[in-house]
Amino acid sequence: MIELGVNIDHVATLREARKGKVPDVITAAKVCEIAGAHQITVHLRQDRRHIQDKDVERLKEVLLVRLNLEMAAVPEIIEIAHRIVPYAVCLVPENRQEITTEGGLNVKEQRDWLKKVVDGMHELGIKVSMFVDPEIEQIEASAEVGADSVELHTGAYANAEGKQIDRELKRLYDAGAVAVKLGLNLHAGHGLTVRNLEPVAKIPHLKEVNIGHDIIARAVFIGLESAVKEILAILDRVSHS
Ligand code: PXP
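Residues numbered from 1 in each chain as written. Predicted model: local features only at pLDDT ≥ 70, side-chain atom pairs only at ≥ 80, totals over all residues. Heavy atoms only, no water.

## Comments concerning the sheet that holds strand β4 (residues 88-91)
Sheet strands pair by backbone hydrogen bonding; their relative direction is either parallel or antiparallel. Overall, parallel pairing links the eight strands, which are arranged β1-β2-β3-β4-β5-β6-β7-β8 in a closed barrel. Each adjacent strand pair in this sheet contributes to an overall mean axis angle of 25°, direction not counted. Where strand β1 (residues 3-7) meets strand β2 (residues 39-43), three bridges bridge the pair, whose relative direction is parallel. Looking at β2, one finds that N7 is bridged to T41. (Pairing = 2+ DSSP bridges. Helix = DSSP H or I, 4+ residues; strand = E, 2+ residues; numbered from the N terminus. Axes fitted to C-alpha atoms, helices over the stretch in contact; angles between N-to-C directions.)

Dropping the structure here:
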């Protein structure tokens with residue numbers, strides 16, 4: 001079965017809109033867990049616009065499922081990851097002006113630094129994933145620095161229209177095949193929805209998807225438990241087809 005990480009950043013976005021206590025991210029995480037999510041994903045951004053340090057600490061304490069921390073590979077956040085020790089980290093590029101993570105990490109250009117970051121995480125038993133665009137050279141660089149997984153950035157696929165959709169899907173399939181050949185675990189995420197998930201879920205050997213915005217957006221209308229379950233139903237159907 002392809003596993004689902006639910007990104008709950010936007011529960012914190014809503015809370016931070018009033019700088020109050022609700023909606024509580026721990027409650028949200030627990031509802032996702034009860035609905036069957038395999039993992040909770042949060043992005044501790046340097047600007048702390050949604051998830052706060054305390055949220056990550058509390059999630060680590062109370063979750064029964066895995067905690068996946070998305071983060072920039074910068075000393076301040078690395079120190080926090082080393083202190084909290086999530087199950088996994090997903091290294092992402094971070095640009096302070098962006099609305100959400102816009103592109104994949106340039107692993108190739110920062111090979112030496114990222115190798116050190118990966119080694120440091122591995123010393124503490126933390127798995128490392130690289131959030132990369134579906135480009136062969138970035139996948140190869142991820143394997144070279146010792147990453148456990150790559151998470152293919154599905155944003156370009158999600159934003160594509162018409163014939164471009166198939167072209168973007170092909171890029172994901174080709175990149176996925178290279179990742180698997182190099183022994184990397186294959187994950188995918190960004191912009192995935194109940195409507196566009198299925199073709200991505202059919203990428204051979206895909207192990208995990210991380211989905212945030214669409215689940216939280218649909219939760220406003222159908223409830224969080226139902227929003228998680230409808231994604232799980234798609235993954236279940238694809239996994240058993
Ligand atoms: N995976 C990664 C690495 C991300 O940075 C994000 C966005 O925080 C997601 C998955 C989830 O993307 P979305 O909210 O569009 O589902």
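On we go from here.
## Side note on the nonpolar core
Counting residues in each nonpolar core, the largest one holds 76 residues, and the members touching the most others are L4, I8, L91, M130, V209, I215 and V228. In this view, V209 contacts I2, E3, L4, G5, A188, L192, L197 and L235; residues no more than four positions away in its chain are not counted. (Core = buried A, V, L, I, M, F, W, Y, C linked by side-chain atoms within 4.5 Å. Buried < 20%, exposed > 50% of the residue type's maximum accessible area, 1.4 Å probe, protein only. Contact = heavy atoms within 4.5 Å.)

## Topic: helix α1 (residues 9-16)
Regarding α1, the residues found buried are D9, V11, A12, R15 and E16. Along the axis of α1, the buried residues cluster in a sector spanning 160°; they form a single face. (Arc of directions from axis to C-beta.)

## With respect to the pairing of strand β5 (residues 127-132)
Across the six residues that make up β5, a large majority, five, are buried. Looking at chain direction, β4 and β5 are connected through four bridges and run parallel. The residue bridging C90 from the neighbouring strand is S129, located in β5. Here four bridges tie β5 to strand β6 (residues 149-153), and the two strands are oriented parallel to one another. For F131, the partnering residue across the bridge sits in β6 and is E151. Between the parallel pair β5 and β6, the chain is carried across by helix α6 (residues 136-144), and the sense of this crossover is right-handed. (Right-handed = clockwise from strand over helix to strand, strands pointing away.)

## Section: a nonpolar patch on the surface
Taken together, the side chains of V220, F221 and I222 define a hydrophobic patch exposed on the protein surface, amounting to about 350 Å² of accessible area. Position of F221 among the secondary structure elements: in helix α10 (residues 213-222). Relative accessible area serves as the criterion here: at 72%, F221 is assigned to the exposed category. (Patch = residues over 30% accessible without salt bridge, like charges linked within 9 Å, V, L, I, M, F, W, Y side chains within 5 Å. Areas by Shrake-Rupley, 256 points an atom, 1.4 Å probe, with all protein chains shown as cover. Salt bridge = Lys/Arg side-chain N within 4 Å of Asp/Glu carboxyl O.)

## Remarks on the environment of K108
Turning to its location among the elements, K108 is positioned in the loop between β4 and α5 (111-123). Sequence separation between K108 and P199 is 91 residues, and the spatial gap between their C-alpha atoms is 28 Å. Excluding its chain neighbours within four sequence positions, the residues that come into contact with K108 are E137, Q138 and A141.

## Some thoughts on the site of the ligand
Taken together, 14 residues surround the ligand, and among them E70, E151, G191, G212 and H213 come closest. Between the ligand and N7, the relevant distance is 3.4 Å, taken from an oxygen atom to a side-chain nitrogen or oxygen of the residue. For the ligand, an oxygen atom lies 3.1 Å from a polar atom in the side chain of E70. The fraction of the free accessible surface of the ligand (400 Å²) that becomes covered by protein chains is 94%. The residue makeup of the shell around the ligand, split by class, is four nonpolar, seven polar and three charged. (Near = heavy atom within 4 Å. Polar contact = N/O pair within 3.5 Å; in protein donor to acceptor, adjacent residues only side chain to side chain. Nonpolar A, V, L, I, M, F, W, Y, C, P; charged D, E, K, R; others polar.)

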